[in-house]
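Read off the chains here:
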Amino acid sequence: MKSIEVFPHIYSISTKIVLSSLFSLTALVATSTTSSLAEELNASIGINTWIGFTPLYIAREKGFFIEEGLDLDVQVFSGNDNTLAFAAGRIDGFASITSEAVLLKSRGKDFRIVLVEDFSLGADGILARNTIPDIAGFSGQRIAVEEIGVSHFFLLQVLDTAGLTESDVTLVNLKPESAAAAYQSGQIDIAVTYAPFLDRANQAVPEGRIIFDTSEMPTAITDLYIFDTKFTENNPDAIKAFVRGIFRGIEFLDENPEEGLAIAADELGVTPEELAADLEGIELVDLTTNLEVLGNPDSDLYLLKPMNDMATFLFENKQIDRLPELEETIDPQFVNAIQENQ
């Protein structure tokens with residue numbers, strides 16, 4: 001006590017230093033803890049050039065993923081290169097379609113479908129010159145299409161409507177953008193591609209047309225977000241943040257269409273007006289519909305039936321060598337969690 005009375009200034013200064021140090025240390029620990037928690041929410045996803053990623057483009061540009069605590073590494077691939085990267089374990093998730101998902105599962109890749117991105121209702125299609133009268137006229141023709149990808153499996157389904165198989169045509173293996181360019185330049189008379197390449201090539205070739213698109217086969221192409229099973233199990237908060245970010249992107253587009261279209265159009269290299277027209281060919285799947293597609297086996301929209309139908313079709317067309325178990329791949333827990341928290 002005497003030392004305090006004799007040297008009150010030393011006590012005061014020392015106490016302030018100690019307390020200041022403690023507060024600084026506490027703040028540093030809190031900051032470090034918060035930072036480390038934030039750093040744990042990391043994910044990588046592979047996409048390609050497709051209008052269905054409009055909500056993702058918006059969410060990334062507006063910082064929605066960051067606000068949800070997720071550092072999302074978006075990697076852009078050409079054609080089905082994102083599928084190969086996912087199969088090899090180079091990325092945590094990727095944007096797939098039902099046929100690609102069936103193919104991966106048949107080859108032993110373990111994954112979970114956490115969100116339905118969109119339904120293609122005309123944005124995927126087949127270009128053909130007017131000299132080819134109908135789908136039956138594809139027999140004996142060369143067709144530009146990316147093999148073992150969305151366009152390839154779509155083509156097989158279209159050929160089937162005319163009683164044709166892959167053996168009746170000659171496939172020229174080109175990525176979707178290259179297939180459209182080959183058709184546009186006159187190198188080939190039939191090409192399978194999707195927006196934004198589809199309408200560009202169609203408008204550039206007046207002596208041709210879109211002979212068939214997904215508006216005539218609305219169950220053919222459903223776009224999905226899938227993630228590796230182990231990653232999903234070990235990083236559920238990252239998946240939740242991703243799903244919330246996508247839904248925020250859809251909501252922003254609905255409420256701010258001019259700005260939302262401008263953001264996505266810049267990513268796609270088209271005008272906002274062109275993108276708005278292209279988006280008429282898909283349905284961006286909201287929370288309510290996702291709950292039906294992923295979580296309601298009694299719904300006509302439930303994903304398992306078209307996936308099983310696709311598996312049977314691919315098996316019969318010798319694209320896969322076994323029928324995979326697909327029910328376990330459908331994981332509605334993340335959309336359910338969002339619904340419960342509303």
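Residues numbered from 1 in each chain as written. Predicted model: local features only at pLDDT ≥ 70, side-chain atom pairs only at ≥ 80, totals over all residues. Heavy atoms only, no water.

Chemist: Hey, could you run me through the layout of surface pockets in this one?
Modeler: Vacant regions in the atomic arrangement are exposed by a probe of water-molecule size rolled over the atoms. Here the largest pocket is characterised by a volume of approximately 440 Å³. Residue lining of the largest pocket: 20 residues in total, with Pro218, Thr219, Ala220, Thr222 and Pro306 positioned closest to the centre. Secondary-structure elements contributing two or more residues to the lining of the largest pocket are helix H7 (150–161) and helix H15 (304–316). Here the lining of the largest pocket gets five residues from one element, more than from any other, and that element is H15. Here the lining of the largest pocket is built from residues that sort into 12 nonpolar, four polar and four charged. Phe247, Arg248, Leu287, Ile338 and Gln342 are, among the 14 residues lining the second largest pocket, the residues nearest its centre. Sorting the residues of the lining of the second largest pocket by element identifies helix H11 (236–255) and helix H16 (333–341) as the ones contributing at least two each. The element contributing the most residues to the lining of the second largest pocket is H11, with seven residues. Counted by class, the lining of the second largest pocket contains six nonpolar, two polar and six charged residues. (1 Å grid on protein atoms, 1.4 Å probe; cavity = no way out; pocket = protein on both sides within 12 Å on 5 of 7 lines; lining within 4 Å. Points joined across faces, edges and corners; volume = space filled by probe spheres on them. Helix = DSSP H or I, 4+ residues; strand = E, 2+ residues; numbered from the N terminus. Nonpolar A, V, L, I, M, F, W, Y, C, P; charged D, E, K, R; others polar.)

Chemist: Would you take a moment to explain the packing of helix H12 (residues 257–268) against helix H13 (residues 272–279) for this structure?
Modeler: Packed helices, taken two at a time, are described by their axes: the angle between them and the distance between them. Where H12 contacts H13, the two axes come as close as 8 Å, and the packing angle between them is 95 degrees. Taken together, H12 and H13 sit at an angle that is classed as roughly perpendicular. When H12 is examined against H13, the residues Leu261, Ala262, Ala264, Ala265 and Leu268 are found in contact with a partner set consisting of Pro272, Leu275, Ala276 and Leu279. Of the residues assigned to the contact of H12 with H13, the class counts are nine nonpolar, no polar and no charged. (Axes fitted to C-alpha atoms, helices over the stretch in contact; angles between N-to-C directions. Parallel < 35°, antiparallel > 145°, perpendicular 65-115°, else oblique. Contact = heavy atoms within 4.5 Å.)

Chemist: Is there a simple way to explain H16 in this structure?
Modeler: Helical periodicity: at 3.6 residues per turn, an α-helix aligns residues three or four positions apart in one direction. Of all the residues in H16, the buried ones are Phe334, Val335, Ala337 and Ile338. Seen from one end, H16 has its buried residues packed into an arc of 155 degrees, which puts them on one side. Residues of H16 that are buried make contact with strand S4 (111–120), helix H10 (229–234), H11 and helix H14 (287–295). (Buried < 20%, exposed > 50% of the residue type's maximum accessible area, 1.4 Å probe, protein only. Arc of directions from axis to C-beta.)

Chemist: So what exactly am I meant to see when it comes to empty space enclosed by the protein here?
Modeler: Considering all chains together, one arrives at two cavities of 30 Å³ or more under this definition. When its volume is computed, the largest cavity comes out at roughly 190 Å³. Surrounding the largest cavity, 19 residues form its lining, Asn48, Ile97, Val150, Tyr194 and Asp223 being those nearest its centre. Secondary structure elements with two or more residues in the lining of the largest cavity: helix H5 (81–87) and strand S3 (93–97). Here the lining of the largest cavity takes three residues from S3, the largest share from any one element.

Chemist: Got a minute to help me understand the pattern of salt bridges in this structure?
Modeler: Opposite charge on two side chains allows them to pair when their charged atoms are near. Under the criterion given, the structure shown has 15 salt bridges. A salt bridge links Glu68 to Arg244, with the nearest nitrogen and oxygen atoms 2.6 Å apart. With Glu68 in the loop between helix H4 (64–67) and strand S2 (71–76) and Arg244 in helix H11, this pair connects stretches of sequence that are 176 residues apart. Given a relative accessible area of 29%, Arg244 falls into the partly exposed group. Between Asp81 and Lys175 there is a salt bridge, with the nearest N and O atoms lying 3.2 Å from each other. Highlighted residues: Asp81 in helix H5 and Lys175 in the loop between strand S7 (170–173) and helix H8 (176–184), separated in sequence by 94 residues. The network of salt bridges with shared partners includes Glu67, Glu68, Arg244 and Arg248. (Salt bridge = Lys/Arg side-chain N within 4 Å of Asp/Glu carboxyl O.)

Chemist: How should I be thinking about the sheet that holds strand S11 (residues 282–284) in this particular structure?
Modeler: Within the open sheet, the six strands sit side by side as S2-S1-S3-S10-S4-S11. Their pairing is mixed. For this open sheet the edge positions go to S2 and S11, each flanked by a neighbour on one side alone. Averaged over all pairs of adjacent strands, the angle between their axes in this sheet comes to 30 degrees, without regard to strand direction. Here five bridges tie S3 to strand S10 (residues 222–228), and the two strands are oriented antiparallel to one another. When the sheet's bridge partners are listed, Ile97 is paired in S10 with Asp223. Sheet strands touched by H14: S4 and S11. Its angle to S4, the strand with the most contacts, is close to 125 degrees. (Pairing = 2+ DSSP bridges.)

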